[in-house]
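Residue-level structure breakdown
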Amino acid sequence: MNTIDKCLVAKDSEILQIPYQDYVSLMEKVKQGRRMRLVKDSVVVNLQGFLGGKSYAAEASAKDAAGKADLKEEAAPAEEVKAETPVVESTKPTEEPVQPVAKASAANGRSLPKGVEVPPIKKDIAAHFNKLDESGRLFSVFKQYYTCLNDACGGTVRVTMKDGFCSLWNYDEWEEFSFIDIFEGQLRIALDPRYTAALQSLNLCEVPRLLSSRRNLVCVQVDGLNNTMLNVLVKAFEEVGLTAS
């Protein structure tokens, strides 16, 4: 059983207090103490009646009934807490193409604020992609990366084009973090070499000469929207300004 299943959590602050089993044990001891006190009170009342020559049976009965009501009332919170105890299901996460990034980002408050639209990709960039791939499939894949990045990153992604390469920018820092072009019918994505280890499961390829003459980069080819690639791009966006190790 998961540890959290055994724990008592405060309703107001949701802060862990004590293990639930310890709480149950403690409440049992409290109830036992109350029972002993009721027995003691009953004995004292009967003894007083015997010594004073009066009958305190009615009074003892009333006290006994009140005590039982107290015990019943005390038991209620324990049942309520037990019902509120969170149940954690042990499920194995499944790999999805894109959604894990977007969902995780939304949970951390990193997605774009409501009402803020994703900046559109300029027509000349769309025309450049469609010229090299008349089917429009690769532009569609590129657009999906661009849209998912804007949704997943903690800022705004922009795209520009120069010398046949699309540059993805961290708009807040105004710095490029990735370069994309079409090569052999696939998207070729270049970024900082510190992400080489994270990209080893993908198809690494040669960095275009024009880019390699300007920067130290690692290059990957993808033919569709890939979750590993998307996660690395998000990381590259967030780590703008860091130097390669």
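These lines cover the structure that appears in this document, whether it is placed above or below.

What counts, and at which threshold
Residues numbered from 1 in each chain as written. Predicted model: local features only at pLDDT ≥ 70, side-chain atom pairs only at ≥ 80, totals over all residues. Heavy atoms only, no water. Axes fitted to C-alpha atoms, helices over the stretch in contact; angles between N-to-C directions. Helix = DSSP H or I, 4+ residues; strand = E, 2+ residues; numbered from the N terminus. Parallel < 35°, antiparallel > 145°, perpendicular 65-115°, else oblique. Contact = heavy atoms within 4.5 Å. Nonpolar A, V, L, I, M, F, W, Y, C, P; charged D, E, K, R; others polar. Salt bridge = Lys/Arg side-chain N within 4 Å of Asp/Glu carboxyl O. Expected span 1.5 Å × (residues − 1). Buried < 20%, exposed > 50% of the residue type's maximum accessible area, 1.4 Å probe, protein only. Polar contact = N/O pair within 3.5 Å; in protein donor to acceptor, adjacent residues only side chain to side chain. Phe/Tyr/Trp six-rings, centres within 6.5 Å; stacked < 30°, edge-to-face > 60°. Pairing = 2+ DSSP bridges. Core = buried A, V, L, I, M, F, W, Y, C linked by side-chain atoms within 4.5 Å.

**Points about the packing of helix 4 (residues 123–132) against helix 5 (residues 137–152)**
Orientation of helix 4 relative to helix 5, taken along the N-to-C sense of each, is 135 degrees, at an axis distance of 8 Å. With respect to each other, helix 4 and helix 5 are oriented oblique. Residues Ile125, Ala126, Phe129 and Asn130 of helix 4 lie in contact with helix 5, whose contacting residues are Leu138, Phe139 and Phe142. Looking at side-chain class alone, the contact of helix 4 with helix 5 contains six nonpolar, one polar and no charged residues.

**Some details on the pattern of salt bridges**
Taken as a whole and assessed by the stated rule, the structure comprises six salt bridges. The partner of Lys235 in a salt bridge is Glu239, and the shortest N-O contact between them spans 3.3 Å. Taken together, the salt bridges that share partners define one network made up of Asp192, Arg194, Lys235 and Glu239.

**Structural notes on helix 7 (residues 227–238)**
With twelve residues, helix 7 should reach 16 Å at 1.5 Å per residue; the first-to-last C-alpha distance of 17 Å fits that figure. Those residues of helix 7 lying buried are Asn227, Met229, Leu230, Val232, Leu233, Val234, Ala236 and Phe237. The backbone nitrogen of Thr228 has a side-chain oxygen 2.9 Å away, supplied by the residue at the start of helix 7, namely Asn226.

**Some points on the packing of aromatic side chains**
Scanning the model with the defined rule gives five aromatic pairs in all. Relative to Phe142, the ring of Phe129 has its centre 4.7 Å away and its plane inclined at 20 degrees; by these criteria the two rings are stacked. Of this pair, Phe129 sits in helix 4 while Phe142 sits in helix 5; the two residues are 13 residues apart in sequence, bridging distant segments of the chain. Looking at Phe129, the relative accessible area reads 1%, which means it is buried.

**Focus: the sheet that holds strand 3 (residues 157–162)**
With antiparallel pairing, the six strands of this open sheet are ordered in space as 3-4-5-6-8-7. The sheet is open, and its two edges are formed by strand 3 and strand 7 (203–205), each paired on a single side. Mean inter-strand twist for the sheet, computed between neighbouring axes without regard to direction, equals 30 degrees. Pairing between strand 5 (residues 175–183) and strand 6 (residues 186–191): five bridges, direction antiparallel.

**Comments concerning the side chain of Gln221**
Tracing the backbone shows Gln221 in strand 8 (residues 218–222). Taking the relative accessible area as the measure of exposure, Gln221 reaches 10% and is therefore buried. Among the polar contacts listed, one links the side chain of Gln221 to the backbone oxygen of Phe183, at a separation of 3.0 Å. In this structure Gln221 touches Phe183, Glu184, Gln186, Leu187, Arg188, Asn203 and Cys205, once residues within four positions along its chain are discounted.

**Section: the pairing of strand 4 (residues 165–170)**
The two faces of a sheet get side chains in turn, since along a regular strand they alternate between them. Burial of strand 4 is extensive: six of the six residues sit out of reach of the surface. Alternating positions in strand 4 separate into two faces, Phe165, Ser167 and Trp169 on one and Cys166, Leu168 and Asn170 on the other, with burial throughout. As paired strands, strand 3 and strand 4 are joined by six bridges and run antiparallel to one another. Each bridged residue has a counterpart across the sheet, and for Val159 the counterpart in strand 4 is Leu168. The hairpin formed by strand 3 and strand 4 contains two residues between the paired strands, and Asp163 there has a positive phi angle of roughly 55 degrees. With five bridges joining them, strand 4 and strand 5 adopt antiparallel strand pairing. From the neighbouring strand, Trp169 faces strand 5, where its bridge partner is Glu176. In this structure, the hairpin formed by strand 4 and strand 5 is closed by a connection of four residues, where Trp174 is found at a positive phi of approximately 50 degrees.

**Points about the nonpolar core**
By size, the foremost hydrophobic cluster in this structure holds 39 residues, and its most contacted members are Phe142, Leu187 and Met229. Elements supplying a minimum of two residues to this core: helix 4, helix 5, strand 3, strand 4, strand 5, strand 6, strand 8 and helix 7. Excluding residues that lie within four positions of it along the chain, Met229 makes contacts with Tyr145, Ile189, Leu191, Leu199, Leu202, Val220 and Val222.

**Section: unusual backbone geometry**
One non-glycine residue, Trp174, lies in the positive phi region at around 50 degrees. Position of Trp174 relative to the elements: it lies in the loop between strand 4 and strand 5. Trp174 sits in the partly exposed class, given a relative accessible area of 47%. A positive phi angle is found at Glu184, which is not glycine, with a value near 55 degrees. Its location among the elements puts Glu184 in the loop between strand 5 and strand 6.

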